[in-house]
Amino acid sequence: MRLLDRLIARLLPAVPRPIVRRFSRRYIAGSSIDDAMRVVASLENEGAMATVDILGEFIRTPDEARSKLAEHESLLARIRHDRLRATNVSVKLTALGLTLDPDLCLVNMRHLLAAATDHDNFVRIDMEDSSCTTATLEIYSRLRREFPGRVGAVVQARLRRTWSDVDRLLAEPSNFRICKGIYNEPRSIAYDDPEIIRRNFVWNVEQILERGGYVGIATHDERVVWESIRLIRRLGLPVNAYEFENLLDVPDEISADDL
């Protein structure tokens, strides 16, 4: 990570929340489920898929974790009610109690995936900083056996461990989102060089696609997108083997002619 990036990452926690909200507003669908449903309905009408996150992680009590679980269950029910067939849910495990009690988090995730099964939907487990990586992937590994086809995980190209994590997880049917990663990690854990991060990103996409995993390619880096398209074309993959993901309100450079 460059010097300016390091400085921003260290100062961000001290920035007043109203300022953070002002600059992040374009990427957020709204402050209510109604707002989010209007946005994702519009996206589906354009032929896009969507995933919805409820903000707010690192809760402090088991009751807060159960409250977050109820919010996510309500979100799944609303998606079903509104007949949004290309919209699913993403969740950070710290919102469901991971840092309080991993067993509590696992129970909460089982409830959430049972709801996803009832509503014929899918839940993506978001990845957080490296202190959560091992526990998050362990929970994913357990739940994908219990709820096949209903749960996926996220891996980060910045982390040095990602290649071995992906290699291990691909021993069973796996569903990934891969992103670069935004967390300020020690150099012993994460790569700093942008080109190495790009190459690690593409290397992991190649590993996933060649071994039959599903991958959501989550980046706005056009070089990484280009390399991923090259791999998809070389392997002759169908469109249901992958997806390209971008943040809300950030232009998508990919056209149907690219694939």
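In case you missed it, the structure is sitting above this.
The sections below set out a description of the structure shown in this document. Not measured: the values here are computed from a predicted model. (Residues numbered from 1 in each chain as written. Predicted model: local features only at pLDDT ≥ 70, side-chain atom pairs only at ≥ 80, totals over all residues. Heavy atoms only, no water.)

Here's the deal with the overall build of the protein chain
Consideration 1: When helices and strands are tallied, the protein chain shows nine helices and seven strands.
Consideration 2: Counting across all 259 residues of the protein chain, residues that qualify as buried make up 43%.
Consideration 3: If you take every contact in the protein chain between residues at least 6 apart in sequence, the share linking residues at least 24 apart comes to 74%.
Consideration 4: Of the accessible surface of the protein chain, which amounts to about 14,400 Å², a share of 53% is contributed by carbon and sulfur atoms. (Helix = DSSP H or I, 4+ residues; strand = E, 2+ residues; numbered from the N terminus. Buried < 20%, exposed > 50% of the residue type's maximum accessible area, 1.4 Å probe, protein only. Contact = heavy atoms within 4.5 Å. Areas by Shrake-Rupley, 256 points an atom, 1.4 Å probe, with all protein chains shown as cover.)

Side note on the pattern of salt bridges
Consideration 1: Throughout the structure, instances matching the rule amount to 23 salt bridges.
Consideration 2: For the salt bridge of K92 with D126, the shortest nitrogen-to-oxygen distance reads 3.7 Å. One end of the pair, K92, is in strand β2 (residues 87–92); the other, D126, is in strand β3 (residues 123–126), and 34 residues separate them in sequence.
Consideration 3: Note on D126: relative accessible area 6%, which makes it buried.
Consideration 4: Between D165 and R168 there is a salt bridge; the shortest N-O distance is 3.3 Å. Pair noted here: D165 and R168 are both in helix α7 (residues 162–169), with a separation of three residues, about one helical turn.
Consideration 5: For D165, a relative accessible area of 6% corresponds to the buried category. (Salt bridge = Lys/Arg side-chain N within 4 Å of Asp/Glu carboxyl O.)

Remarks on the packing of helix α3 (residues 33–45) against helix α4 (residues 62–81)
Consideration 1: Between α3 and α4, whose axes approach to 11 Å, the crossing angle comes to 45 degrees. Here α3 is positioned oblique relative to α4, judged by the angle of their axes. Crossing angle aside, the handedness with which α3 passes α4 is right-handed. Here I33, D34 and M37 of α3 lie close against α4, whose contacting residues are L75, R78 and I79.
Consideration 2: Along the lines of polarity and charge, the residues of the contact of α3 with α4 split into four nonpolar, no polar and two charged. (Axes fitted to C-alpha atoms, helices over the stretch in contact; angles between N-to-C directions. Parallel < 35°, antiparallel > 145°, perpendicular 65-115°, else oblique. Left-handed = near helix turned anticlockwise from the far one by under 90°. Nonpolar A, V, L, I, M, F, W, Y, C, P; charged D, E, K, R; others polar.)

Description of unusual backbone geometry
Consideration 1: Located in the positive-phi region is R83, a residue other than glycine, with phi close to 55 degrees.
Consideration 2: Within the secondary structure layout, R83 lies in the loop between α4 and β2.
Consideration 3: What makes R83 exposed here is its relative accessible area of 66%.
Consideration 4: In this structure, D120 takes a positive phi of about 55 degrees despite not being glycine.
Consideration 5: Examined against the element boundaries, D120 turns out to sit in the loop between α5 (102–118) and β3.
Consideration 6: On the basis of relative accessibility, which here comes to 57%, the residue D120 falls in the exposed class.

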